[in-house]
Amino acid sequence: MSRNYEPGHSVGMLAAVEHGPILCSDSNILCLSWKGRVPKSEKDKPVCRRRYYEEGWLATGNGRGVVGVTFTSSHCRRDRNTPQRINFNLRGHNSEVVLVRWNEPFQKLATCDMEGGIFVWIQYEGRWSVELVNDRGAQVSDFTWSHDGTQALIAYRDGFVLVGSVSGQRHWSSEINLESQITCGIWTPDDQQVHPVCLLVGV
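The structure displayed is predicted, hence computed values, not measured ones.

A. Structural view of the packing of aromatic side chains. Evaluation of the coordinates by the stated rule reveals seven aromatic pairs. Consider the rings of Trp57 and Phe71, whose centres lie 5.4 Å apart with planes at 70 degrees: the pair is edge-to-face. Within this pair, whereas Trp57 is found in strand 4 (residues 55-62), its partner Phe71 is found in strand 5 (residues 67-73), the two being separated by 14 residues in sequence. Phe71 sits in the buried class, given a relative accessible area of 9%. Arranged with centres 5.1 Å apart and planes meeting at 70 degrees, the rings of Phe143 and Trp145 form a pair that is edge-to-face. These aromatic residues form a ring-pair network of at least three members: Trp57, Phe71, Phe88, Trp102 and Trp128. One Lys or Arg, Arg136, reaches over the ring of Tyr156 and ends 4.5 Å from the middle of that ring.

Set out below in structure tokens:
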């Protein structure tokens, strides 16, 4: 990761893949999601957005059903503390991982595979483990956490929409007109409503 910064301009990050004789990958990366490093103590709040996004975790999903979680940094300072372990391979999916979504307020990671399996992962004492599993047997078209992280919107390709809590309880569900296919969903800024986006079949 590299960072471009000039006084008076916003901070941006750029991820690049370099080709060389040593670097190789055994599978295609299908999705990416970035999470900033949230302060652990109250004295470090409110969050300084510039410092917050200088380092954090990058999640990737690949064609072999593996979720990669890597600690990344955009600065070159050596006085910063880094985690004891910075690379993880999370296994459990039985097909390609097509969606990875961080829940920053709760520090959780949701991952979805091609067959519709959804895992929610948590990190505890340096290890990642599965907290929740959801599988309707239908393909997921989108997964979106609410802004405050307390709820999740899951949109399925068969027209089913579900809203659940961060702890896995179902709050609401509905079947959308089968003549349309849900492509994605979005929360309103106050997290009180959701808006599925549909694509008419045959259009």
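B. Quick peek at the sheet that holds strand 3 (residues 29-36). In space, the four strands of this open sheet follow the order 3-4-5-6, with antiparallel pairing throughout. Each edge of the open sheet is held by one strand with a lone partner, namely strand 3 and strand 6 (87-90). Between one strand axis and the next, the sheet turns through 20 degrees on average, direction left out of account. By the bridge criterion, four bridges tie strand 5 to strand 6 in an arrangement that is antiparallel. Within the sheet, the bridge partner assigned to Val69 lies in strand 6 and is Phe88.

Scoring rules and cut-offs
Residues numbered from 1 in each chain as written. Predicted model: local features only at pLDDT ≥ 70, side-chain atom pairs only at ≥ 80, totals over all residues. Heavy atoms only, no water. Phe/Tyr/Trp six-rings, centres within 6.5 Å; stacked < 30°, edge-to-face > 60°. Helix = DSSP H or I, 4+ residues; strand = E, 2+ residues; numbered from the N terminus. Buried < 20%, exposed > 50% of the residue type's maximum accessible area, 1.4 Å probe, protein only. Lys NZ or Arg CZ within 6 Å of the ring centre and 35° of its normal. Pairing = 2+ DSSP bridges. Axes fitted to C-alpha atoms, helices over the stretch in contact; angles between N-to-C directions.

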